[in-house]
Amino acid sequence: MSTLLAVSRPTEWNFPLFVHVLGAMILVGGLLTGASAIAFARGNARMLRLGYWTLLAVALPGWIVMFGGANWISAKEGWDDLPEEAQPTWIGIGWTVALPAALLLLISLILGGIGVRRLRDGKGSGLLKAAMVIAWIILAAALVAVWAMAGKPD
Amino acid sequence: MSFDDWILALHVLSAFAYVAGIVLFWVLVVAVRKTDTPDGTIRMSPVVKVGNASIGIGVGGTIVFGIWLAFSVGGYDIWDLWIIAALVLWALAAATGQRTGVEYTAGMTKAQELRAAGQDGASAELLAINRTQRGLQMHALSSLIVLLILIDMIWKPGA
(Lines give C-alpha, C1' and ligand atoms only; values in the text may rest on other atoms or scores of the structure.)
Protein backbone atom coordinates (compact mmCIF):
# COMPACT_ATOMS: atom_id res chain seq x y z
CA MET A 1 0.00 0.00 0.00
CA SER A 2 2.78 2.40 0.92
CA THR A 3 4.52 1.80 -2.39
CA LEU A 4 1.31 2.42 -4.30
CA LEU A 5 0.96 5.70 -2.42
CA ALA A 6 4.54 6.53 -3.36
CA VAL A 7 3.71 6.16 -7.06
CA SER A 8 0.75 8.53 -6.82
CA ARG A 9 2.56 11.14 -4.67
CA PRO A 10 1.91 14.67 -6.01
CA THR A 11 5.00 16.17 -7.65
CA GLU A 12 5.03 19.20 -5.33
CA TRP A 13 5.67 16.88 -2.35
CA ASN A 14 8.92 15.59 -3.85
CA PHE A 15 11.27 18.44 -2.93
CA PRO A 16 10.24 18.66 0.75
CA LEU A 17 10.54 14.86 0.94
CA PHE A 18 14.00 15.06 -0.66
CA VAL A 19 15.10 17.67 1.90
CA HIS A 20 13.74 15.53 4.76
CA VAL A 21 15.38 12.30 3.56
CA LEU A 22 18.72 13.96 2.70
CA GLY A 23 18.84 15.63 6.13
CA ALA A 24 18.06 12.31 7.83
CA MET A 25 20.80 10.58 5.83
CA ILE A 26 23.34 13.25 6.81
CA LEU A 27 22.22 12.93 10.45
CA VAL A 28 22.70 9.15 10.40
CA GLY A 29 26.07 9.53 8.66
CA GLY A 30 27.23 12.15 11.16
CA LEU A 31 26.17 10.03 14.13
CA LEU A 32 27.86 6.91 12.73
CA THR A 33 31.09 8.77 11.94
CA GLY A 34 31.26 10.79 15.15
CA ALA A 35 30.48 7.83 17.40
CA SER A 36 32.92 5.56 15.52
CA ALA A 37 35.76 8.09 15.67
CA ILE A 38 35.33 8.45 19.46
CA ALA A 39 34.87 4.68 19.92
CA PHE A 40 38.15 3.88 18.17
CA ALA A 41 40.14 6.89 19.44
CA ARG A 42 41.65 4.95 22.37
CA GLY A 43 42.41 8.20 24.13
CA ASN A 44 43.96 9.88 21.08
CA ALA A 45 43.02 13.56 21.32
CA ARG A 46 42.95 14.13 17.56
CA MET A 47 40.46 11.31 16.96
CA LEU A 48 38.35 12.37 19.94
CA ARG A 49 38.18 15.92 18.51
CA LEU A 50 37.38 14.55 15.05
CA GLY A 51 34.47 12.59 16.54
CA TYR A 52 33.14 15.56 18.46
CA TRP A 53 33.41 18.00 15.55
CA THR A 54 31.65 15.49 13.30
CA LEU A 55 28.72 15.36 15.71
CA LEU A 56 28.66 19.17 15.81
CA ALA A 57 29.31 20.00 12.15
CA VAL A 58 27.58 17.06 10.42
CA ALA A 59 25.01 15.39 12.70
CA LEU A 60 23.50 18.62 14.11
CA PRO A 61 23.00 20.33 10.70
CA GLY A 62 21.62 16.98 9.46
CA TRP A 63 19.03 16.97 12.25
CA ILE A 64 18.06 20.60 11.45
CA VAL A 65 17.58 19.83 7.74
CA MET A 66 15.72 16.58 8.55
CA PHE A 67 13.39 18.34 11.01
CA GLY A 68 12.77 21.30 8.69
CA GLY A 69 11.96 18.89 5.87
CA ALA A 70 9.70 16.84 8.18
CA ASN A 71 7.63 19.89 9.09
CA TRP A 72 7.49 20.99 5.46
CA ILE A 73 6.36 17.62 4.06
CA SER A 74 3.97 17.11 6.97
CA ALA A 75 2.28 20.44 6.21
CA LYS A 76 2.17 19.65 2.48
CA GLU A 77 0.60 16.23 3.08
CA GLY A 78 -1.96 17.74 5.45
CA TRP A 79 -0.99 15.69 8.52
CA ASP A 80 -0.83 18.90 10.59
CA ASP A 81 -4.57 19.41 10.05
CA LEU A 82 -5.44 16.07 11.68
CA PRO A 83 -5.77 15.52 15.43
CA GLU A 84 -2.85 13.59 16.91
CA GLU A 85 -4.93 10.43 17.49
CA ALA A 86 -5.95 10.35 13.82
CA GLN A 87 -2.37 10.39 12.55
CA PRO A 88 -0.83 7.07 11.41
CA THR A 89 1.59 5.16 13.63
CA TRP A 90 4.61 5.82 11.42
CA ILE A 91 4.17 9.59 11.75
CA GLY A 92 3.90 9.19 15.53
CA ILE A 93 7.11 7.14 15.61
CA GLY A 94 8.85 9.84 13.53
CA TRP A 95 7.95 12.67 15.90
CA THR A 96 8.60 10.47 18.97
CA VAL A 97 12.15 9.91 17.76
CA ALA A 98 12.92 13.33 16.22
CA LEU A 99 12.22 15.57 19.22
CA PRO A 100 14.02 13.55 21.96
CA ALA A 101 16.86 13.02 19.46
CA ALA A 102 17.38 16.79 19.35
CA LEU A 103 17.50 17.00 23.14
CA LEU A 104 19.88 14.03 23.38
CA LEU A 105 22.08 15.45 20.63
CA LEU A 106 22.33 18.77 22.45
CA ILE A 107 23.23 16.98 25.71
CA SER A 108 25.81 14.95 23.79
CA LEU A 109 27.29 18.11 22.23
CA ILE A 110 27.45 19.94 25.57
CA LEU A 111 29.15 16.98 27.29
CA GLY A 112 31.47 16.49 24.34
CA GLY A 113 32.25 20.21 24.14
CA ILE A 114 33.31 20.27 27.80
CA GLY A 115 35.30 17.09 27.13
CA VAL A 116 37.10 18.63 24.16
CA ARG A 117 38.04 21.69 26.25
CA ARG A 118 39.43 19.44 28.97
CA LEU A 119 41.53 17.48 26.47
CA ARG A 120 44.12 20.30 26.69
CA ASP A 121 44.73 19.25 30.32
CA GLY A 122 44.81 15.57 29.44
CA LYS A 123 41.26 15.01 30.72
CA GLY A 124 37.82 14.89 29.14
CA SER A 125 37.86 11.52 27.38
CA GLY A 126 35.19 10.23 29.81
CA LEU A 127 32.82 13.02 28.82
CA LEU A 128 33.48 12.32 25.15
CA LYS A 129 32.71 8.64 25.73
CA ALA A 130 29.40 9.69 27.31
CA ALA A 131 28.72 11.82 24.22
CA MET A 132 29.52 8.76 22.09
CA VAL A 133 27.10 6.52 24.00
CA ILE A 134 24.34 9.09 23.51
CA ALA A 135 25.19 9.29 19.80
CA TRP A 136 24.85 5.49 19.45
CA ILE A 137 21.45 5.66 21.22
CA ILE A 138 20.26 8.41 18.84
CA LEU A 139 21.55 6.41 15.87
CA ALA A 140 19.64 3.29 16.97
CA ALA A 141 16.45 5.33 17.45
CA ALA A 142 16.97 7.05 14.09
CA LEU A 143 17.20 3.67 12.35
CA VAL A 144 13.90 2.63 13.96
CA ALA A 145 12.40 5.88 12.64
CA VAL A 146 13.76 5.18 9.14
CA TRP A 147 12.22 1.69 9.28
CA ALA A 148 8.88 3.20 10.34
CA MET A 149 8.97 5.96 7.71
CA ALA A 150 9.77 3.48 4.94
CA GLY A 151 7.68 0.46 5.99
CA LYS A 152 4.80 2.50 7.41
CA PRO A 153 3.54 0.04 10.05
CA ASP A 154 -0.02 0.59 11.18
CA MET B 1 3.16 -4.58 7.31
CA SER B 2 3.25 -6.76 4.21
CA PHE B 3 6.35 -8.64 3.10
CA ASP B 4 6.95 -6.01 0.41
CA ASP B 5 6.70 -3.26 3.03
CA TRP B 6 9.47 -5.02 4.99
CA ILE B 7 11.59 -5.28 1.85
CA LEU B 8 10.99 -1.58 1.13
CA ALA B 9 12.04 -0.73 4.70
CA LEU B 10 15.23 -2.80 4.28
CA HIS B 11 15.86 -1.15 0.89
CA VAL B 12 15.60 2.32 2.43
CA LEU B 13 17.71 1.32 5.47
CA SER B 14 20.36 0.06 3.02
CA ALA B 15 20.27 3.42 1.23
CA PHE B 16 20.82 5.13 4.59
CA ALA B 17 23.78 2.82 5.27
CA TYR B 18 25.20 3.71 1.84
CA VAL B 19 24.94 7.48 2.38
CA ALA B 20 26.17 7.15 5.99
CA GLY B 21 29.28 5.44 4.63
CA ILE B 22 29.79 8.22 2.08
CA VAL B 23 29.44 10.86 4.83
CA LEU B 24 31.94 8.93 6.98
CA PHE B 25 34.47 8.88 4.15
CA TRP B 26 33.97 12.62 3.55
CA VAL B 27 34.96 13.24 7.16
CA LEU B 28 38.01 10.98 6.76
CA VAL B 29 38.94 12.58 3.40
CA VAL B 30 39.02 15.98 5.13
CA ALA B 31 40.82 14.66 8.23
CA VAL B 32 43.50 12.77 6.30
CA ARG B 33 44.46 15.89 4.31
CA LYS B 34 46.21 17.18 7.44
CA THR B 35 47.69 13.82 8.39
CA ASP B 36 51.40 13.39 7.65
CA THR B 37 52.40 10.71 10.16
CA PRO B 38 52.09 6.92 9.82
CA ASP B 39 50.50 6.68 13.28
CA GLY B 40 47.87 9.32 12.48
CA THR B 41 47.00 7.60 9.21
CA ILE B 42 46.88 4.06 10.62
CA ARG B 43 44.75 5.25 13.57
CA MET B 44 41.90 5.89 11.11
CA SER B 45 41.90 2.27 9.97
CA PRO B 46 39.11 1.00 12.32
CA VAL B 47 36.86 3.90 11.26
CA VAL B 48 37.61 3.06 7.62
CA LYS B 49 36.40 -0.49 8.35
CA VAL B 50 33.13 0.88 9.75
CA GLY B 51 32.73 2.93 6.56
CA ASN B 52 33.51 -0.06 4.35
CA ALA B 53 30.93 -2.18 6.22
CA SER B 54 28.33 0.56 5.92
CA ILE B 55 28.98 1.03 2.19
CA GLY B 56 28.98 -2.75 1.68
CA ILE B 57 25.58 -3.12 3.37
CA GLY B 58 24.32 -0.15 1.37
CA VAL B 59 25.59 -1.30 -2.02
CA GLY B 60 24.37 -4.89 -1.52
CA GLY B 61 21.08 -4.07 0.20
CA THR B 62 19.94 -1.38 -2.22
CA ILE B 63 20.44 -3.57 -5.29
CA VAL B 64 19.07 -6.85 -3.86
CA PHE B 65 16.00 -5.36 -2.18
CA GLY B 66 15.53 -2.84 -5.00
CA ILE B 67 15.41 -5.52 -7.69
CA TRP B 68 13.06 -7.58 -5.51
CA LEU B 69 10.70 -4.60 -5.26
CA ALA B 70 10.90 -3.92 -9.02
CA PHE B 71 9.59 -7.43 -9.69
CA SER B 72 7.25 -7.78 -6.73
CA VAL B 73 5.41 -4.48 -6.38
CA GLY B 74 2.52 -3.82 -8.73
CA GLY B 75 2.91 -0.75 -10.90
CA TYR B 76 6.69 -1.05 -11.11
CA ASP B 77 8.66 -2.92 -13.79
CA ILE B 78 12.40 -3.53 -14.06
CA TRP B 79 12.42 -1.78 -17.47
CA ASP B 80 10.82 1.42 -16.14
CA LEU B 81 12.97 4.43 -17.09
CA TRP B 82 13.66 5.48 -13.50
CA ILE B 83 14.59 1.93 -12.44
CA ILE B 84 16.98 1.49 -15.40
CA ALA B 85 18.48 4.91 -14.57
CA ALA B 86 18.90 3.80 -10.94
CA LEU B 87 20.63 0.55 -11.98
CA VAL B 88 23.05 2.41 -14.29
CA LEU B 89 23.78 5.03 -11.64
CA TRP B 90 24.22 2.31 -8.99
CA ALA B 91 26.84 0.57 -11.18
CA LEU B 92 28.65 3.89 -11.79
CA ALA B 93 28.58 4.73 -8.05
CA ALA B 94 29.98 1.29 -7.18
CA ALA B 95 32.77 1.68 -9.76
CA THR B 96 33.77 5.21 -8.70
CA GLY B 97 33.51 4.21 -5.02
CA GLN B 98 35.82 1.28 -5.61
CA ARG B 99 38.28 3.63 -7.38
CA THR B 100 38.12 6.02 -4.40
CA GLY B 101 38.98 3.13 -2.10
CA VAL B 102 42.04 2.22 -4.19
CA GLU B 103 43.32 5.82 -4.08
CA TYR B 104 43.02 6.20 -0.30
CA THR B 105 44.27 2.68 0.47
CA ALA B 106 47.61 3.79 -1.02
CA GLY B 107 48.04 6.20 1.90
CA MET B 108 47.30 3.49 4.45
CA THR B 109 49.74 1.11 2.73
CA LYS B 110 52.47 3.78 2.68
CA ALA B 111 51.88 4.51 6.37
CA GLN B 112 52.30 0.83 7.21
CA GLU B 113 55.50 0.66 5.15
CA LEU B 114 56.92 3.71 6.94
CA ARG B 115 56.05 2.28 10.35
CA ALA B 116 57.61 -1.08 9.45
CA ALA B 117 60.76 0.81 8.45
CA GLY B 118 60.78 2.54 11.83
CA GLN B 119 59.95 5.97 10.37
CA ASP B 120 57.31 7.31 12.74
CA GLY B 121 57.81 11.03 12.08
CA ALA B 122 56.10 13.37 9.63
CA SER B 123 56.46 12.39 6.00
CA ALA B 124 55.90 14.79 3.09
CA GLU B 125 55.48 11.80 0.78
CA LEU B 126 52.74 10.29 2.96
CA LEU B 127 50.98 13.66 3.18
CA ALA B 128 51.05 13.97 -0.62
CA ILE B 129 49.51 10.48 -0.99
CA ASN B 130 46.88 11.24 1.66
CA ARG B 131 45.98 14.41 -0.25
CA THR B 132 45.25 12.49 -3.43
CA GLN B 133 43.37 14.75 -5.84
CA ARG B 134 42.17 11.77 -7.85
CA GLY B 135 40.74 10.17 -4.72
CA LEU B 136 38.99 13.40 -3.81
CA GLN B 137 37.55 13.74 -7.32
CA MET B 138 36.39 10.11 -7.36
CA HIS B 139 34.69 10.48 -3.97
CA ALA B 140 32.98 13.70 -5.08
CA LEU B 141 31.82 11.97 -8.26
CA SER B 142 30.60 8.93 -6.34
CA SER B 143 28.70 11.19 -3.91
CA LEU B 144 27.11 13.11 -6.79
CA ILE B 145 25.98 9.87 -8.44
CA VAL B 146 24.41 8.62 -5.19
CA LEU B 147 22.66 11.98 -4.84
CA LEU B 148 21.27 11.50 -8.36
CA ILE B 149 20.02 8.04 -7.35
CA LEU B 150 18.19 9.60 -4.39
CA ILE B 151 16.63 12.22 -6.69
CA ASP B 152 15.67 9.45 -9.14
CA MET B 153 14.09 7.38 -6.33
CA ILE B 154 11.98 10.32 -5.11
CA TRP B 155 10.94 11.90 -8.43
CA LYS B 156 10.70 8.58 -10.32
CA PRO B 157 10.87 10.13 -13.82
CA GLY B 158 8.63 8.29 -16.27
CA ALA B 159 6.69 6.44 -13.55
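Further up the page is the structure itself.
Residues numbered from 1 in each chain as written. Chains lettered and ligands numbered in written order. Predicted model: local features only at pLDDT ≥ 70, side-chain atom pairs only at ≥ 80, totals over all residues. Heavy atoms only, no water.

Undergrad: What am I meant to see in the packing of helix H2 (residues 14-39) of chain A against helix H3 (residues 45-77) of chain A here?
TA: Between two packed helices, the angle of one axis relative to the other and the distance separating the axes together describe the packing. Residue and element names in this part refer to chain A. Where H2 meets H3, the axes come as close as 7 Å, and the angle between the chain directions of the two elements is 160 degrees. Taken together, the axes of H2 and H3 lie roughly antiparallel to each other. Crossing of H2 over H3 shows left-handed handedness. (Axes fitted to C-alpha atoms, helices over the stretch in contact; angles between N-to-C directions. Helix = DSSP H or I, 4+ residues; strand = E, 2+ residues; numbered from the N terminus. Parallel < 35°, antiparallel > 145°, perpendicular 65-115°, else oblique. Left-handed = near helix turned anticlockwise from the far one by under 90°.)

Undergrad: Would you take a moment to explain the interface of chain A and chain B for this structure?
TA: Interfaces are often sized by the amount of accessible area the parts lose when they come together. Contacts between chain A and chain B engage 38 residues on the former and 35 residues on the latter. The contact between chain A and chain B buries some 3,200 Å² in all, and 79% of this surface belongs to carbon and sulfur atoms. Counting across the interface, chain A meets chain B through 0 salt bridges. The element that contributes the greatest number of residues to the side of chain A that touches chain B is H2(A), accounting for 16 residues. Here the side of chain A that touches chain B is composed, by residue class, of 25 nonpolar, 10 polar and 3 charged. (Contact = heavy atoms within 4.5 Å. Buried area = accessible area lost by both parts, 1.4 Å probe. Salt bridge = Lys/Arg side-chain N within 4 Å of Asp/Glu carboxyl O. Nonpolar A, V, L, I, M, F, W, Y, C, P; charged D, E, K, R; others polar.)

Undergrad: So what exactly am I meant to see when it comes to the packing of aromatic side chains here?
TA: For any pair of aromatic rings, the description consists of the separation of the ring centres together with the inter-plane angle of the planes. Throughout the structure, instances matching the rule amount to 10 aromatic pairs over all chains. Residues A:Phe15 and A:Trp72 carry aromatic rings whose centres are separated by 5.7 Å and whose planes lie at 80 degrees to one another, so their mutual orientation is edge-to-face. Pair noted here: A:Phe15 is in helix H2 and A:Trp72 is in helix H3, with a separation of 57 residues, a long-range link. Judged by its relative accessible area of 42%, A:Phe15 falls in the partly exposed class. Residue A:Trp72 is classed as partly exposed on the basis of its relative accessible area of 37%. Taken together, the ring pairs in this structure connect A:Phe15, A:Phe18, A:Trp72 and B:Trp155 into an aromatic cluster. Positioned above the aromatic ring of A:Trp90 is the side chain of A:Lys152, whose terminal nitrogen or guanidinium carbon lies 4.4 Å from the ring centre. (Phe/Tyr/Trp six-rings, centres within 6.5 Å; stacked < 30°, edge-to-face > 60°. Buried < 20%, exposed > 50% of the residue type's maximum accessible area, 1.4 Å probe, protein only. Lys NZ or Arg CZ within 6 Å of the ring centre and 35° of its normal.)

Undergrad: How should I be thinking about helix H1 (residues 3-32) of chain B in this particular structure?
TA: For an α-helix, the turn length of 3.6 residues means that residues three or four places apart are oriented alike. Helix length check: H1(B) (30 residues) gives 43 Å between terminal C-alpha atoms against 44 Å at 1.5 Å per residue, within 8%. Of all the 30 residues making up H1(B), 22 are buried; the element is thus mostly covered by neighbouring parts of the structure. (Expected span 1.5 Å × (residues − 1).)

Undergrad: Help me out: how do you make sense of the pattern of salt bridges in this one?
TA: Pairing is possible between side chains of opposite charge, provided their charged atoms come close. Residue and element names in this part refer to chain B. Applying the stated criterion across every chain yields a total of 5 salt bridges over all chains. The partner of Arg43 in a salt bridge is Asp39, with the nearest N and O atoms 2.9 Å apart. The closest approach of N and O atoms between Glu103 and Arg99, which form a salt bridge, is 3.1 Å. Of this pair, Glu103 and Arg99 both sit in helix H4 (residues 81-116), 4 residues apart, which is roughly one turn of that helix. Classification of Glu103 by relative accessible area gives buried; the value is 15%. Overall, the relative accessible area of 32% leaves Arg99 in the partly exposed class.

Worth remembering: the numbers are spatial, not functional.
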